[in-house]
Amino acid sequence: MVTPVNPPHLGRTSPPQGTHAWRRLAATLPEGVRVRVLRAVYGDPRAAAELVPRLTDRQRAGHDPLPAEPAELALTLLRERRAEIRALPDDTRLLLLLAAADQHPVRTDAFLRAVVAARLDTRRLDAAEVAGVAHAGAGGVVFRDAWTRIAAYETGSPADRRDVHRLLVRVLRGEGETPWRSWHRGAGALGPSGRLAAELGGAADRAGAAGRLPLARALAERAAALCPDPSERTRLLARAAGYAWQSGDGDRARRLAAALSDDALSGVLALRAGNASEAFDALLTAVASQSSAAPTAPGPATTAADTAPAPSAGGGTAACTSAAVGTAAYASAAVDAATNASAGDGAATTTTPATTTTPSTVDTATTASAAVGAATATPAPVVPTPLNPLTSAPLFPASLAPAPLTPALHLLARATEAAIYTGDVRRLREAARLADRLGVVPPGTLSGLVAAFDGRYEDARDLLQAAAGRGGPGGDPTVLIHAGIAALLLGDHTRAATATVRAVASARARGTPVTVAQAMEFRAYADFWTGRPRAGEATAADALWQAHATGQDNGACHLQAALAMFAALTADADVCRERAATARSYALAHGLGLPAALARWALAFLDLSSGRYAAAATRLRALAAFGPGHGHRAIRHLATPHYVEAAVRTGDTRVARVAHADYHRWASAVRSPDDLALSARCRALLAPGEEAVDHYRTALDLHAHGTRDFERARTELLFGSALRRLRRRTEARDRLHSALEAFDSFGAPHCAAQARTELRALGTPAAPAPTAPDNPTARLTAQQLLVARMAAEGATNREIAARLALSPRTIDHHLRGVFTRLGIRSRIELVRLLAESGEGGSC
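Model, not experiment: these values are computed from the prediction.

**Q** For this particular structure, what's the right way to read the layout of surface pockets?
**A** If a probe the size of a water molecule is rolled over the atoms, the empty space left behind becomes visible. There is about 1,200 Å³ of room inside the largest pocket. Residue lining of the largest pocket: 38 residues in total, with Ala68, His104, Pro105, Arg217 and Arg252 positioned closest to the centre. Mapped onto the lining of the largest pocket, the elements with two or more residues apiece are α2 (31–40), α5 (70–73), α7 (90–103), α10 (146–154), α11 (158–171), α12 (178–187), α14 (213–226) and α16 (250–260). The element contributing the most residues to the lining of the largest pocket is α14, with six residues.

**Q** Sorry, what's going on with the nonpolar core here?
**A** Inside soluble globular proteins, nonpolar side chains tend to come together where they are buried. Grouped together as the largest cluster of nonpolar side chains are 134 residues, with contacts concentrated most on Leu598, Trp601, Leu620, Phe743 and Leu830. Apart from residues no more than four positions distant in its own chain, Phe743 is found in contact with Phe710, Ala713, Arg714, Leu717, Ala748, Cys751 and Ala752. In terms of nonpolar packing, the next biggest core, distinct from the first, is built from 84 residues, Ala26, Trp147, Ala152 and Val164 among them.

**Q** How should I be thinking about the side chain of Ser679 in this particular structure?
**A** Relative to the helices and strands, Ser679 is located in helix α35 (residues 673–686). Ser679 has contacts with His660, Tyr663 and His664, leaving out every residue within four places of it along the chain.

**Q** What is the right way to look at the confidence of the model for the chain in this model?
**A** Any residue range with low pLDDT should be treated as having predicted coordinates unsuitable for detailed reading. Within the chain, residue pLDDT values average 78, and 78% of them lie at 70 or more. The low-confidence segment residues 295–405 (pLDDT under 50) makes 326 contacts with residues lying over four places distant or belonging to another chain. Every residue in residues 626–630 is under pLDDT 50, and counting partners more than four places away or in other chains gives 13 contacts.

**Q** Mind showing me how you'd approach the environment of Ala27 here?
**A** With respect to the secondary-structure elements, Ala27 resides in the loop between α1 (16–26) and α2. The class of Ala27 is partly exposed, set by a relative accessible area of 48%. Here the alpha-carbon distance between Ala27 and Ser807, two residues 780 residues apart in the chain, equals 8.2 Å.

**Q** In this structure, what is going on with α35? I would like to understand it.
**A** Working note: α-helix, 3.6 residues per turn, so residues spaced by three or four point in the same direction. An ideal rise of 1.5 Å per residue puts 20 Å on 14 residues; α35 measures up with 20 Å between its terminal C-alpha atoms. Most of α35 is tucked away, with eleven of its 14 residues classed as buried. Within α35, burial applies to Asp674, Asp675, Ala677, Leu678, Ser679, Ala680, Arg681, Cys682, Ala684, Leu685 and Leu686.

**Q** Just to check I follow, could you spell out the environment of Leu411 for this structure?
**A** Along the chain, the position of Leu411 falls in helix α21 (residues 407–422). Take Leu411: its relative accessible area is 1%, and that puts it in the buried class. Residues Leu411 and Gly267, spaced 144 residues apart in sequence, show a C-alpha to C-alpha distance of 9.0 Å.

**Q** Sorry if this is basic, but what is going on with the packing of aromatic side chains here?
**A** Aromatic ring pairs: the centre-centre distance and the angle between the two ring planes describe each pair. Taken as a whole and judged by the stated rule, the model has seven aromatic pairs. For the ring pair Tyr457 and Trp666, a centre distance of 5.3 Å and an interplane angle of 85° mean the geometry is edge-to-face. You can see Tyr457 sitting in helix α24 (residues 457–468) and its partner Trp666 sitting in helix α34 (residues 654–670), a full 209 residues away along the chain. Both residues of the pair, Tyr457 and Trp666, count as buried. With centroids separated by 5.0 Å and ring planes inclined at 20°, the aromatic side chains of Tyr696 and Phe719 adopt a geometry described as stacked.

Parameters and conventions
- Residues numbered from 1 in each chain as written.
- Predicted model: local features only at pLDDT ≥ 70, side-chain atom pairs only at ≥ 80, totals over all residues.
- Heavy atoms only, no water.
- 1 Å grid on protein atoms, 1.4 Å probe; cavity = no way out; pocket = protein on both sides within 12 Å on 5 of 7 lines; lining within 4 Å.
- Points joined across faces, edges and corners; volume = space filled by probe spheres on them.
- Helix = DSSP H or I, 4+ residues; strand = E, 2+ residues; numbered from the N terminus.
- Core = buried A, V, L, I, M, F, W, Y, C linked by side-chain atoms within 4.5 Å.
- Buried < 20%, exposed > 50% of the residue type's maximum accessible area, 1.4 Å probe, protein only.
- Contact = heavy atoms within 4.5 Å.
- pLDDT = per-residue confidence, 0-100.
- Expected span 1.5 Å × (residues − 1).
- Phe/Tyr/Trp six-rings, centres within 6.5 Å; stacked < 30°, edge-to-face > 60°.

Listed below in structure tokens is the structure:
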């Protein structure tokens, strides 16, 4: 057995000069590339500084995936680590080789058993400890850093590496250890072997089904390397790309997908990290080729499962997606699909009742694009809407079970998703024509949005209500995310918050980082609408980092726009403009209509709350464009109430009245108290004099049954202002004080300033914003508090900027604001103050 000792301090893996060099280079990279570079080099700044100059222009811009092999990442650092390993005695190197093979790239935790089985002398590890390379731990060997572990493996001869893998195979005989045993069998193989490739492929399926996605990726990729059959190798690489994506390794997934040159696989990945319009074209091309190879059976319209994705903020929610890409948010279904697709027997799917899980298999003789389309879904009861949301044809009877789903149908769902996400109605129509020809009806949140785009609000309501009703505890994360999205669209923000919190928990339990980031994104929206801006901003900032780390650049773009929205609410003008500019620049270059529109709305709200009504009206007019096929549905409903307010203040209400009429029709269809309240507020703004009072009262009565507390406060502000002009001073004072108290609690200083201005016009002194004397951090905005916490933990301005995806200048501006508001002059005082106030926890 290895006897744990008290190891000496191993020292920093990166000298100061490496850290300084990385900081200089990091400032030249987009934030997403910065995050992924650090992740690729295991967080080592010296290795990052070595990697950046080797990147191509496209890699530096984030267009191409980063290198994956250690020698491509940090060759100089790796050479130094190899030299350290070679200087050790042979017996020590053998033990380190065994430990490295046991830990990377697949951790099997069999080192101690292997040492006992081979009767190795673990005292030889003392030399490694003296050299500061590694030391013995309770579970085996603890390497100084990841690069030392890699060097320990690579310095071994091929024969020695095969021997240690075979030794690990001998000791991995426990129940449930088959995937790890198969991995070492594959790693110790001399050359291609169809039998071994089949074993590894089966082990990948089992690991994936168990939620061990990094292991599944390694097994599938090794199986492809050993497979002598080119067509089977292609399928294995597609599955490896899917597992890599699900496990959060976006760069590896994109590299594998690029090697396949497959329209379907590339199109699905482009939804999350590429051009949405190009994704649509690639996917529709794949649909056309698949539809001829696997036509749908005649009969009733074929429907995708209720988990067919809605256009998400990250480029589209991938539910019920391919075996090759897996789902960005539906891991278990995609893994099951991969398992079925790899069976090689071409078995047909058995149709089951709608309450059971129906795996959809694909004949393994098809191409990789067929594997992309094959997916597992959990069908739900048929939504009781009278029309096909794409074609207006009657839906099939609920008593009929759905026909087996083909790759073409899944790819069509992805293409439709891309069209909706861009907001391009022409592409929607193109997808609708193809759907009509194939007889596919994508239901749930996706179909609800399509119906809303078409202006069929009653149909949209029925579809969205059915999707929102699937947010119970313990569900699949994608189903929960869709339930949250549907609830947000319906104005049920409490249900949306519950569904998204459950989605985060479910995704973490299933080990799918890509899904965690997406679920946190929609959780941030729920926090925004329910009056929790600090929590929402912190959630969005964390999700932004996760989106960048997992290669979801489209999701990161939308989160930038969401953070601009929070900054507008908290009156942080510099951050709002910087976030909005970043989001719009990326969105317009990648065909992402939704983030671009949301960023514009954030700037418009900043103008509105700052009293720049003409500028706000100009921005909002485009977002509130009326009638089916204009603007973006999600942002149109977000923008219309504020556009009406800006238009009334500028005296130009002609377009605003038409926009309000369409908004009222939507609010009446979904019957959301909050939407109906905002519609009543719009009517009050558009009404003359005394007539507005009753509409304001109606709005506040409806707000009492809703959850949008911030909008309720704005309604009280506008009502108080109207009452002041009507000389109803007592009631106006009460309304304005209520609004002021709410805005102070939300941390919305611009709106609070408007309320104070109205109170001063009444001759009523307004108290300054309350602060808790025993908690000075209450004076900080949510963004300032995040920056203060990181600074107190010792992070530099550049490190904070990289973490929050802001510029160092903006961080410097925030810190000056923190010091001013807290009345301090140094970071030492900041550390003490945060510790005393209980805000010194880790970010």
